[in-house]
4 protein chains.
Amino acid sequence: MKENILKWVQEGQISFPSVLLTHYKQMNINEEELVLLLHVMAFIEKGNAFPTPTEISARMTVSSTKCSDLLRRLIQKGLITIEEEYSESGIRYEKYSIEPLWSKLINQFLMSENKQQTQNQEKMEM
Amino acid sequence: MKENILKWVQEGQISFPSVLLTHYKQMNINEEELVLLLHVMAFIEKGNAFPTPTEISARMTVSSTKCSDLLRRLIQKGLITIEEEYSESGIRYEKYSIEPLWSKLINQFLMSENKQQTQNQEKMEM
Amino acid sequence: MKENILKWVQEGQISFPSVLLTHYKQMNINEEELVLLLHVMAFIEKGNAFPTPTEISARMTVSSTKCSDLLRRLIQKGLITIEEEYSESGIRYEKYSIEPLWSKLINQFLMSENKQQTQNQEKMEM
Amino acid sequence: MKENILKWVQEGQISFPSVLLTHYKQMNINEEELVLLLHVMAFIEKGNAFPTPTEISARMTVSSTKCSDLLRRLIQKGLITIEEEYSESGIRYEKYSIEPLWSKLINQFLMSENKQQTQNQEKMEM
């Protein structure tokens, strides 16, 4: 029993800003793409920063080909990037970065905040 | 600036066990249903425990009719339930409970853990 | 076994911005006060927004009198406030708000960010 | 403005099971030790798995000597361990593991759950 709870705890939590859930639609992200982004975050958290479409699709209800397409689309939309890094022993490797997602999400959030403030001001001036 | 960060912080975080992300597929949940479950969790967290299909679909890329269908399916699959409660002043109200989801997820997790242990044992006995 | 994991999951997670951990010292908060703040957050999350010093001290290694002192000090420092609200049936009740903590934390964060940027600029100009 | 929110988001969240907050007292952990454990978790999360007492005390209201004492005490209590590992290029390094903390916490949680169930049963039999 104890081992199972320990295993559960070690698997950890996925945590992300609620704003992503309330704003992904405006960012032109659909549900499949959102879940793919969560999978990429989870893999990065676990130390695998460049999961293959096969690894990701093993956890999704879509094929690995569809997974490749979705990844390509997220890169084209500028939500994730592929970064090149060098390991301690000089070997080149690639990894996903989701920093562009947060950057775009903050833009979207600030835009909708400003819009709301303008609307509130207009109401008050009427 | 400060107000915008404060607003962001107040919106809070969505946090759920990683095991949900690695096991929803085996639980016969697809990506659209998973995201709907996350929306229901987020609404409950914010104090709205019985969001309407219209409220949910406003944040999703699916219509409110599709949202109703998805909710019905999740109830049929025994992942969420509708509970009746009475407010302080005696008014009956309904709310979603996602406890069945956690219960089923734990079952799934224990099943896959046991399966893995059996496989490991079999390997050692070979 | 299953019931125990379910209970664990239902107890949930405490989640707060990492910036609090890296900046509480500069905000003139000590470790005892920080933990008290976490307890208040946890009680609020569980629906008890005005825990008594006795309820809090039951979970801490300090007496309930010491707990009262700590709460008073946090209020004096402007980190938490007591808000009055009215229930659905018109009964007045009190609750803690930790919004001032987030507001002060953001100030502290922006101050240290600006300081760092100024230092970087000075270095570049030398 | 945007850069500051991005920086805040990148700093991330600290997240831990609520059970730790409700049970550390019974585990003979005091508030200072709890906060030290949170600092160690935060450093590990950021990729520094063996922070020095000086690095930790820079964020705490205690001296680096006191920090060393606290770390030693946590190791003696069997809550954290120091693990030896080898880097990709064969260099030996040390890192903290907080797995023993979770293991002990689960024990404490199961003990208090069983105790409560026994008490409930006794009440029913009276």
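Keep in mind it's a predicted model, so treat the numbers as computed, not measured. (Residues numbered from 1 in each chain as written. Chains lettered and ligands numbered in written order. Predicted model: local features only at pLDDT ≥ 70, side-chain atom pairs only at ≥ 80, totals over all residues. Heavy atoms only, no water.)

Visitor: Describe the overall build of chain A, and please don't skip the residues or the numbers.
Guide: Scanning chain A from terminus to terminus reveals six helices and three strands. Starting at the N terminus and ending at the C terminus, chain A contains elements arranged as α-β-α-α-α-α-β-β-α. For chain A, whose C-alpha radius of gyration is 19 Å, the value lies well above the compact-globule estimate of 14 Å for 126 residues. Counting over 126 residues, chain A shows a buried share of 45%. Put simply, 48% of the contacts in chain A that link residues at least 6 apart link residues at least 24 apart. (Helix = DSSP H or I, 4+ residues; strand = E, 2+ residues; numbered from the N terminus. Rg over C-alpha atoms; globule rule 2.2 N^0.38 Å. Buried < 20%, exposed > 50% of the residue type's maximum accessible area, 1.4 Å probe, protein only. Contact = heavy atoms within 4.5 Å.)

Visitor: Can you explain the interface of chain C and chain D? Please cite residues and give values.
Guide: Across the contact, 36 residues belong to chain C and 36 residues belong to chain D. Together, the buried faces of chain C and chain D total about 3500 Å²; carbon and sulfur atoms form 61% of this surface. The largest share of the area that chain C buries against chain D comes from Trp8, Leu21 and Glu31 of chain C, three residues that together contribute 20% of it. Counting across the chain C and chain D interface gives two salt bridges. The shortest N-O distance in the salt bridge between lysine 7 of chain D and glutamate 113 of chain C comes to 2.9 Å. (Buried area = accessible area lost by both parts, 1.4 Å probe. Salt bridge = Lys/Arg side-chain N within 4 Å of Asp/Glu carboxyl O.)

Visitor: Explain the environment of threonine 65 of chain C to me, and be specific about the residues and the numbers.
Guide: Residues and elements named next belong to chain C. Among the secondary structure elements, threonine 65 is positioned in helix H5 (residues 64–76). For threonine 65, a relative accessible area of 56% puts it in the exposed group. Remark: the alpha-carbon pair of threonine 65 and proline 53, spanning twelve residues in sequence, is separated by 7.4 Å.

Visitor: Which residues make up the relation of the copies chain C and chain A, and what are the values?
Guide: Here chain C sits on chain A after a turn of 180° about the axis and a move of 0.0 Å along it, with an RMSD of 0.0 Å. Between the two chains, the operation in question is that of a two-fold axis. (Least-squares fit on C-alpha atoms with pLDDT ≥ 70 in both.)

Visitor: Provide a residue-level description of helix H6 (residues 99–125) of chain D, including the pertinent values.
Guide: For H6 of chain D, spanning 27 residues, the distance from its first C-alpha to its last is 39 Å, which sits close to the expected 39 Å at 1.5 Å a residue. Taken together, the buried positions of H6 of chain D are occupied by Pro100, Leu101, Trp102, Ser103, Leu105, Ile106, Gln108, Phe109, Leu110 and Glu113 of chain D. (Expected span 1.5 Å × (residues − 1).)

Visitor: How would you explain the interface of chain C and chain A if you had to name every residue and give the values?
Guide: Taken together, the contacts link seven residues of chain C with seven residues of chain A. When chain C packs against chain A, close to 650 Å² is buried across both sides, 79% of that on carbon and sulfur atoms. Of all the secondary structure elements, the ones that give two or more residues to the side of chain C that touches chain A are helix H1 (2–11) and strand E1 (13–17) of chain C. In terms of residue count, H1 of chain C provides more of the side of chain C that touches chain A than any other element does, four residues in total. Across the side of chain C that touches chain A, the residue classes break down as four nonpolar, three polar and no charged. (Nonpolar A, V, L, I, M, F, W, Y, C, P; charged D, E, K, R; others polar.)

Don't take any of this as a statement about function, it's just geometry.
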